[in-house]
Amino acid sequence: MGLLTEGSPLSWEETKELAEHVRQHGIIQFINLYKRLRDRQGDILKWGDEVEYIIVKFDNEKRQAKVSLRAQEILTELNKKELEDPTGVKSLWRPEYGAYMIEGTPGKPYGGLLAHFNIVEANMKHRREEATQLLKPDECLMSLTSFPRLGCENFTDPPSKPTPNEGATRSLFFPDDAIFPGHPRFKTLSRNIRQRRGEKVAINLPVYRDENTKIPVDDSHKFSTAALPDHVYMDAMGFGMGCCCLQLTFQACNITEARTLYDQLTPLCPIMLALTAASPLHRGCITDVDCRWNVISCSVDCRTKEERGLESLKNNKFVIKKSRYDSIDSYLSPQGEKFNDVPLTYDPKIYQQLIDNDIDHLLAQHVAHLFIRDTVSLFSEKVHQNDEEDTDHFENIQSTNWQTMRFKPPPPNSTIGWRVEFRPCEVQITDFENAAIVCFVVLLTRVILSYNLDFLIPISKVDENMQNAQQRNACKERKFWFRKDITTHISPPEANECCKKGATNCEPKDCEVYDCMTVDEIINGKEGDFPGLIPLINTYLSGMDVDADTHCTIQQYLKFIQRRASGEIFTTASWIRKFVTEHPEYKLDSKVSEKINYDLLKTICAIEKGEMSCPELLGYSTMSKTKENIPTALSKNC
Amino acid sequence: MDIGSHKKCVINTGNILSLNDITRKSGQNPTEELIEAINITVKEFRSSNLAPTQNSKLIIHRPTDDLKAKIEEQSLADLKIGLKVFLNDDSKVLIQEAVEEGFATLKVPCVQNVILQFKKDKLIETGDDINSLKKIWGVLEEYVKNEKISQIGLADVEEATFRNVYEWATVKPAIIQINLATCCVVPPTLQQFCKDNDVQLLTHSDPSEILPKDAVGDSLGVPLPVKWISRFLVHIICRGVLCSKGYLIGLGEY
């Protein structure tokens, strides 16, 4: 996303009126761009990461930590450099949902040499330093998935009050003032999602039950019928979109490779979610989940009661199974077709229109399925478009389908090719960890392409894994469906039969393309049964020309991931849980008090800055050889 | 087929990236991988009942090998092809044979780089044998001059040896390959030398003796001596994709 152009958002009534207009033109725009770009070939590997940060303000006297609502002020400064020198800057800065959040990406994408893996962490460090320079001495830039006391009384600086009876959000807990004020998009989205849904969004996370945990958790249920008494209840988009994530996007050499990688990474999404789990605390409580995923999913769930299947269909067209923020529903590559075992909801007329325009079944149903959603944000300047050239209406729907993976067509008039975005990961505390995770995923894509690996399992099993991945301590304790034999694209004929018929009539033995594995087994391998993703990466690397510094760095990253997967060191979520529950002030009541919150965030800041070592979270070797630039002897190679 | 009756013999494993049995055992070291690739190749060759070759050189290969197809999928300009030759004899004929066999197998007129790992057969004296290295290097230089190889390099040599060869050579080494185990502790002087001279400092994970003496004999059932071993790597440039990988093993008396 480029710098957001400002504009005038339409009211919800106007937006709703134009929903069909956006849909029709969005589809035409996709058809046109597909015709133009389907045969685009020969793009090299380019990729980039996105790290989101929150700005935290510490009151060291009162021992309190708040989110600092200064993102707009800081962004304005950060964007100055880019406006002066758009192609020369080392980092790009964008607003995010929270008035206390910013998002940083590398100024230019990384390229297709292995040596590029060695500049990722340096770039992340640079970004952190660049933004930190603009902070006040009592502020800290933190790559933290969820602010533990978000939505608690006085969680912002300056203080702000929720407005349950007016404004965009109408939350009992989350003030509109905590939404990024610098662009109308964010408040408009909040308002429109609430209005489309017909009521406030509702997020209920099971509370972690400790000795003194009180049920009901609080008196939310008195104010809202949506609140479940034994859950941590949240009622605003900000609880989800106000979380930070770690995402990465890479360019494929053509549309076929993009479809292959979109599919192949899909079964990895829940595994990476479990591995990067980092958000057990919400609204001042310890919950029984480790991840943000369902929180965000519910926080932007714009489905009406009819669409959620609670009332019979009268005004709406479809019953829709998932929120517009959720895991993907179908594979896109021919190998994936037989694993598309979840019926897709879409408008047959749109599907047919795509088919009539020479778009194949898999892509047509994917796009038609995305387009069951209405626009939830429309600007008056963007209503009328040239469908031959513009793609805003397509992007309007595409970019508000926030799924685990995103299949991205080339933007109009650019040198950029077909891309895939990987979106499940939670952001980690340190640049070392974040660099390790993005490098691991991108390395894995190279291994998949080099060895023609196949990770596909039925999409329904990926959905099961997604829910499993968020459970408390899932990385260490849960098992996940994962493909047993990843080396061949040719499944045994009997397994194919099973998938077609539905597995019920078959002996389970014949159907088991997949098995139950722990994250450890998937990442590190299981003697005699499964090679493991890291051994596969290491074998791949032994066939590549890797410079010594880069290989040293990658080894540190892979060892770190191996340790996280094996349980030798904590996931961020487990570590945070431990910190809170072992805090002297913790009263075994599942509550994260102001002081516990302060100590936790102070400790995280110190770990991130390297002032405090934390081997139980990071292991002992976190010193990579990351550097700013690629050696000239290598840069000539690509 | 009577393999023993052939004076000259080459084992060509073909593209081992397509061998599921090898991929499944990821994490093996290169020696284990090479022995497994040889065993699979010999087994597939034996069971294929191919007609005996007419000339005196026998090439043991896999009829199902997809190397040719994998290379033809890409335009040659998008490929970066490299060889690593493992020698323990400095005879000029052997390095020539190894390089030529590489060209013939890959069906290409030239390759991007060739890296030499030379270890004397009997490691009586420690240290590198600079004279032997230079003798082999001279052959590689000719290939560079004839534009058959773009860059040449050395593996597992001491820093002083590398500098010595660098000073002496007409065609300077463009690559030094060090063992992965030492990649985090590269001497600063070597790092600086590489930086100053645009030498690529790369890693490998090969043991000093990549193929134990008896491994080929055990696989073939005939005690043919190993003359040279070469690994080919075919990369798709700028995409980080390994297209093909395999080994050639030159056997026979010399």
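Note that the structure is a prediction, hence the values are computed from the model and not measured.

### Description of the overall build of chain A
Helix and strand counts for chain A come out as 25 helices and 17 strands. Relative to a compact globule of 638 residues, whose C-alpha radius of gyration would be 26 Å, chain A shows 24 Å and is just as compact. With the C-alpha coordinates of chain A rotated into their principal frame, the extents come out at 65 × 60 × 60 Å. For chain A, the share of sequence-separated contacts (at least 6 apart) that also reach a separation of at least 24 residues comes to 77%. Split by element, the accessible area of chain A, about 23700 Å² in all, is 49% carbon and sulfur. In chain A, which carries 78 positive and 92 negative side-chain charges, the distance between the mean positions of the two groups comes to 2 Å.

### Some thoughts on the nonpolar core
Judged by nonpolar contacts, the single largest core of 259 residues is most densely connected at A:Trp47, A:Phe174, A:Leu354, A:Phe440, A:Trp575 and B:Ile149. Counting residues per element, this core draws most heavily on helix H14 (residues 431-451) of chain A, which supplies 15 residues. Aside from chain neighbours lying at most four places away, what touches A:Leu354 is A:Ile27, A:Phe30, A:Ile31, A:Ile359, A:Ala364, A:Val367 and A:Ala368. Within the second largest apolar cluster, 24 residues are counted, among which are B:Cys9, B:Leu34, B:Ile38 and B:Ile210.

### Quick notes on the layout of surface pockets
Looking at the second largest pocket, its volume works out to about 650 Å³. Around the second largest pocket sit 28 residues that line it, and A:Cys253, A:Glu257, B:Gln74, B:Ile236 and B:Arg239 are the ones nearest its centre. The leading source of residues in the lining of the second largest pocket is helix H8 (residues 255-265) of chain A, at 4 residues. Partitioned by chemical class, the residues of the lining of the second largest pocket number 10 nonpolar, 12 polar and 6 charged.

### Some words on the interface of chain B and chain A
Taken together, the contact pairs 31 residues of chain B with 39 residues of chain A. For the pair chain B and chain A, the summed buried surface comes to about 3100 Å²; carbon and sulfur atoms form 51% of the total. The largest share of the area that chain B buries against chain A comes from B:Cys184, B:Cys238 and B:Arg239, three residues that together contribute 19% of it. Where chain B touches chain A, the interface holds 4 salt bridges. When the shortest N-O distance is used, the salt bridge between A:Glu257 and B:Arg239 registers 2.4 Å.

### Some words on the confidence of the model for chain A
All names here are of chain A. Averaged over every residue, the pLDDT of chain A is 95; residues scoring 70 or more account for 95%. Across residues 489-496, confidence stays below pLDDT 50; counting only partners more than four residues off in sequence or on other chains, it has 12 contacts. Per-residue pLDDT stays below 50 along residues 498-510; that stretch engages in 10 contacts with residues further than four places along the chain or on separate chains.

### Notes on the environment of A:Lys627
Residue and element names in this part refer to chain A. Along the polypeptide, Lys 627 turns up in the loop between helix H24 (615-618) and helix H25 (632-635). Overall, Lys 627 belongs to the partly exposed group, its relative accessible area being 27%. Taking the C-alpha atoms as reference points, Lys 627 and Arg 40, separated by 587 residues in sequence, lie 34 Å from one another. Residues contacting Lys 627, with those up to four places away along its chain left out, are Asn 118, Ile 119, Ala 122 and Asp 549. At a separation of 2.8 Å, a polar atom in the side chain of Lys 627 contacts the side chain of Asp 549.

### Quick notes on the state of the cysteines
All names here are of chain A. Evaluation of the coordinates by the stated rule reveals 2 disulfides over all chains. With its sulfur 2.4 Å from that of its partner, Cys 140 forms a disulfide with Cys 605. A torsion of -130° about the S-S bond marks the disulfide between Cys 140 and Cys 605 as left-handed. Pair noted here: Cys 140 is in strand S5 (residues 139-142) and Cys 605 is in helix H23 (residues 594-609), with a separation of 465 residues, a long-range link.

The rules behind the values
Residues numbered from 1 in each chain as written. Chains lettered and ligands numbered in written order. Predicted model: local features only at pLDDT ≥ 70, side-chain atom pairs only at ≥ 80, totals over all residues. Heavy atoms only, no water. Helix = DSSP H or I, 4+ residues; strand = E, 2+ residues; numbered from the N terminus. Rg over C-alpha atoms; globule rule 2.2 N^0.38 Å. Contact = heavy atoms within 4.5 Å. Areas by Shrake-Rupley, 256 points an atom, 1.4 Å probe, with all protein chains shown as cover. Lys, Arg positive; Asp, Glu negative; His and termini not counted. Charge placed at Lys NZ, Arg CZ, Asp CG, Glu CD. Core = buried A, V, L, I, M, F, W, Y, C linked by side-chain atoms within 4.5 Å. Buried < 20%, exposed > 50% of the residue type's maximum accessible area, 1.4 Å probe, protein only. 1 Å grid on protein atoms, 1.4 Å probe; cavity = no way out; pocket = protein on both sides within 12 Å on 5 of 7 lines; lining within 4 Å. Points joined across faces, edges and corners; volume = space filled by probe spheres on them. Nonpolar A, V, L, I, M, F, W, Y, C, P; charged D, E, K, R; others polar. Buried area = accessible area lost by both parts, 1.4 Å probe. Salt bridge = Lys/Arg side-chain N within 4 Å of Asp/Glu carboxyl O. pLDDT = per-residue confidence, 0-100. Polar contact = N/O pair within 3.5 Å; in protein donor to acceptor, adjacent residues only side chain to side chain. Disulfide = S-S within 2.5 Å.

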